[in-house]
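Chain by chain, the residues:
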Amino acid sequence: MDMNWLEDVLVLLEEGNMTRAAARRNITQPAFSRRLRSFEDWIGKPILDRRSNRVEIGPALTTNEAEIRALVARLREMRTNLANYESGRTAITVAAQHAAACSSFPDMTLRANASFPGLRIRLRPGNLDDCASLFLRGDAEMLLCYEAKDARRLNFGSDVRRERWGRDYLVPVVGGSMRYLIRADGSIPDNT
């Protein structure tokens, strides 16, 4: 199994065209086609429907695209972890929503490094569902996310410790032509 095959498949799924995908991978179209055929040989089943004038992507690929992307990400992460392994150094992975990764994570990292100088922190930003999945699968030791005061809380078991890091406030901003519609009391007319 060659990791290039998986990356080739992902580029093909993104481009939807063999010639464009080969160009993105900086190889000729025949060489790209041979690598995809090697991938098919490894699987033991065709994943492309090769016709005289075109190649169609099979449903097995499109259906499993998310899984292939996750596998490639995990393989890259494993390669990085192996290459950067240092005995005796503790590392944690933090899954954080994009906004929290920008607003709260830097301060959290500074404080953690001050208290635990040998600690290495790896950030995995994403949307809430992806971050919660990383955390629940055990791919992250910590989840940094927003929870609204009156919204339903994420349902974790009793073995998960919850702490409040800070408090944010939503400040609505209105621009463009909408700014002229706002009444003195801050409300917006219903017919807009």
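Everything below is about the structure printed above this text.
Residues numbered from 1 in each chain as written. Predicted model: local features only at pLDDT ≥ 70, side-chain atom pairs only at ≥ 80, totals over all residues. Heavy atoms only, no water.

## Observations regarding the side chain of Gln 97
Rules: Secondary structure elements follow DSSP: runs of H or I no shorter than four residues count as helices, runs of E no shorter than two count as strands, and numbering proceeds from the N terminus. Buried means the residue's accessible area, taken with a 1.4 Å probe over protein chains only, is under 20% of the maximum for its type, while exposed means over 50%, and partly exposed covers the values in between. The contact criterion used is simple: two residues touch if any of their non-hydrogen atoms lie within 4.5 Å.
The residue Gln 97 is located in strand 3 (residues 91-97) in this model. Judged by its relative accessible area of 16%, Gln 97 is buried. Leave out the neighbours within four places in its chain, and Gln 97 touches Gly 126, Leu 128, Cys 131, Leu 144, Cys 145 and Tyr 146.

## Side note on the nonpolar core
Quick note on the threshold: Buried residues of nine kinds, namely Ala, Val, Leu, Ile, Met, Phe, Trp, Tyr and Cys, make up a nonpolar core once their side-chain atoms join them within 4.5 Å.
Among the nonpolar cores identified, the biggest contains 19 residues, and Val 9 and Leu 61 are the most heavily contacted of them. When contributions to this core are tallied by element, the ones reaching two or more residues are helix 1 (3-15), helix 2 (18-24), helix 3 (29-43) and helix 5 (65-83). It is helix 1 that contributes the most residues to this core, eight residues altogether. Here Val 9 is in contact with Leu 36, Phe 39, Ile 47, Leu 61 and Ile 68, once residues within four sequence places are set aside.

## Some points on helix 1
Under the convention used in this document: To estimate how far a helix should reach, multiply one less than its number of residues by 1.5 Å. Between N or O atoms, a polar contact is any pair within 3.5 Å; within protein, one atom must be a potential hydrogen donor and the other a potential acceptor, and residues adjacent in sequence are included only when both atoms are from side chains.
When the terminal C-alpha atoms of helix 1 are compared, their 19 Å separation across 13 residues agrees well with the 18 Å that a helix rising 1.5 Å per residue should span. For helix 1, the buried fraction is high: ten of the 13 residues fall into the buried class. Where helix 1 is concerned, the buried positions are Met 3, Trp 5, Leu 6, Glu 7, Asp 8, Val 9, Leu 10, Val 11, Leu 12 and Leu 13. Packed against the buried residues of helix 1 are helix 2, helix 3, strand 1 (48-50), strand 2 (55-57), helix 4 (59-63) and helix 5. You can read the cap of helix 1 off the contacts: a side-chain oxygen lies 2.9 Å from the backbone nitrogen of Asn 4, and it is on Asp 2. In the segment just after helix 1, Gly 16 is the residue with positive phi, at about 70°.

## Some points on a nonpolar patch on the surface
Selection rule: Note that patches include only residues with greater than 30% relative accessible area and no salt bridge, and the join distances are 9 Å for like charges and 5 Å for nonpolar side chains (Val, Leu, Ile, Met, Phe, Trp, Tyr). Exposure was quantified through the Shrake-Rupley algorithm and a 1.4 Å probe, taking into account, for residues, occlusion by the shown protein chains and nothing else. Salt bridges, as used here, are contacts in which a Lys or Arg side-chain nitrogen is within 4 Å of a carboxyl oxygen on Asp or Glu.
Where nonpolar side chains cluster on the molecular surface, the patch consists of Val 174, Met 178, Leu 181, Ile 182 and Ile 188 and spans about 340 Å² of accessible area. Mapped onto the fold, Leu 181 is located in the segment after strand 5 (142-144).

## Observations regarding helix 7 (residues 105-115)
Put simply, the test is: Each direction from the helix axis to a C-beta atom contributes to the arc, which is the arc of those directions.
Inspection of helix 7 places Phe 105, Met 108, Thr 109 and Ala 112 among the buried residues, and these make up the whole buried set. Around the axis of helix 7, the buried residues are gathered within 100° of arc, so they sit on the same side. Exposed residues lying more than 90 degrees from the buried face of helix 7 are Leu 110, Arg 111 and Ala 114. Along its buried surface, helix 7 packs onto strand 3, helix 6 (98-103), strand 4 (120-126) and strand 5.

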